[in-house]
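# Structure assessment
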Amino acid sequence: RTLNNQFMWPKNGLKSIKWLNYGLLIINITALATLLFFRNAPVLPNESPDIRSVRFLKDRLELSDQQYREVLQMSDKTFRKYNYVLDMLCEANVDMLEEMASASPDGEKLDRITRRIGRMHAVLKNLTIDYFDSVRSICNPEQSQKLTHLFKEIMQLDLQCDQCNRTSCPRKERLSQLGLE
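This text gives an overview of the structure that appears in the document. (Residues numbered from 1 in each chain as written. Predicted model: local features only at pLDDT ≥ 70, side-chain atom pairs only at ≥ 80, totals over all residues. Heavy atoms only, no water.)

## Quick word on the nonpolar core
How we decide: By nonpolar core we mean a set of buried residues, namely Ala, Val, Leu, Ile, Met, Phe, Trp, Tyr and Cys, connected to one another through side-chain atoms within 4.5 Å. Only protein chains enter the calculation, and the probe is 1.4 Å; a residue is then buried if its accessible area is under 20% of its type maximum, exposed if over 50%, and partly exposed in between. Helix and strand assignments come from DSSP, with helices taken as H or I runs of at least 4 residues and strands as E runs of at least 2, each series counted from the N terminus. Contact criterion: two residues are considered in contact whenever any of their non-hydrogen atoms come within 4.5 Å of each other.
Ranked by internal contacts, the top residues of the largest apolar core, which has 29 residues, are Leu57, Leu61, Val71, Tyr131, Val135 and Leu147. Of all the elements in the fold, those that place two or more residues in this core are helix 3 (49-61), helix 4 (65-101), helix 5 (107-137) and helix 6 (141-154). Setting aside its immediate chain neighbours within four residues, Leu61 contacts Val135, Cys139, Gln143, Lys146 and Leu147.

As structure tokens, this is what we get:
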């Protein structure tokens with residue numbers, strides 16, 4: 001007997017639940033990464049969160065004043081895009097919760113919503129990649145290494161490896177080599 005037959009769940013329902021779980025996992029990881037990214041930033045009066053995060057980069061990477069000004073310019077455009085996508089993501093999450101809480105949730109509608117959420121997460125990842133490349137382009141080799149370690153910390157890759165069920169995993173070795181160039 002399969003799990004599907006045992007509980008008499010329709011196949012498309014299990015698929016929707018699987019994608020819903022993936023979506024929720026991605027949301028949780030993104031939220032945690034955001035909290036880590038902003039945790040060390042001092043809160044200054046009349047300073048936007050965007051400026052605080054750039055100040056965090058300045059401190060951690062030991063950026064010069066000129067580099068800091070360049071990062072500020074890069075960050076302005078990037079953070080506006082982040083905020084736009086995060087607003088759309090919030091809307092999609094509310095849509096998903098409303099549908100899940102409805103009297104008879106529509107699996108196809110939930111599937112469409114989770115695909116929409118996945119696309120938005122992909123956009124956020126691509127924005128992060130572009131931002132990383134932009135910041136790295138103005139860094140010296142030492143700062144570039146620090147940036148790699150900082151993103152590794154933000155993405156919690158060491159924690160993910162610690163929680164992995166594999167005892168011998170080549171990713172751990174690859175991860176330990178990041179930023180050592």
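What follows continues from the structure just given.
## Considering the packing of aromatic side chains
Operational definition: Ring geometry is summarised as follows: Phe, Tyr and Trp rings, the Trp one being its six-membered ring, pair when their centres sit within 6.5 Å, and such pairs are stacked at plane angles under 30 degrees, edge-to-face over 60 and tilted between the two. In this scheme, the term charge over a ring applies when either NZ of a lysine or CZ of an arginine sits within 6 Å of the ring centre and within 35 degrees of the ring normal.
Evaluation of the coordinates by the stated rule reveals three aromatic pairs. When the centroid spacing of 5.8 Å and the interplanar angle of 45 degrees are considered together, the rings of Phe79 and Tyr131 count as tilted. Of this pair, Phe79 sits in helix 4 while Tyr131 sits in helix 5; the two residues are 52 residues apart in sequence, bridging distant segments of the chain. Taking the relative accessible area as the measure of exposure, Phe79 reaches 8% and is therefore buried. Assessed through its relative accessible area of 5%, Tyr131 is described here as buried. On the basis of an interplanar angle of 85 degrees and a centroid distance of 4.8 Å, the ring pair of Phe132 and Phe151 is categorised as edge-to-face. Linking Phe132 in helix 5 with Phe151 in helix 6, this pair joins segments that are 19 residues apart in sequence. Overall, the relative accessible area of 13% leaves Phe151 in the buried class. Feature note: the residues Phe79, Tyr82 and Tyr131 constitute an aromatic cluster, connected by ring pairs. Directly above the aromatic system of Tyr68 lies the positively charged group of Lys58, at a separation of 5.6 Å from the ring centroid.

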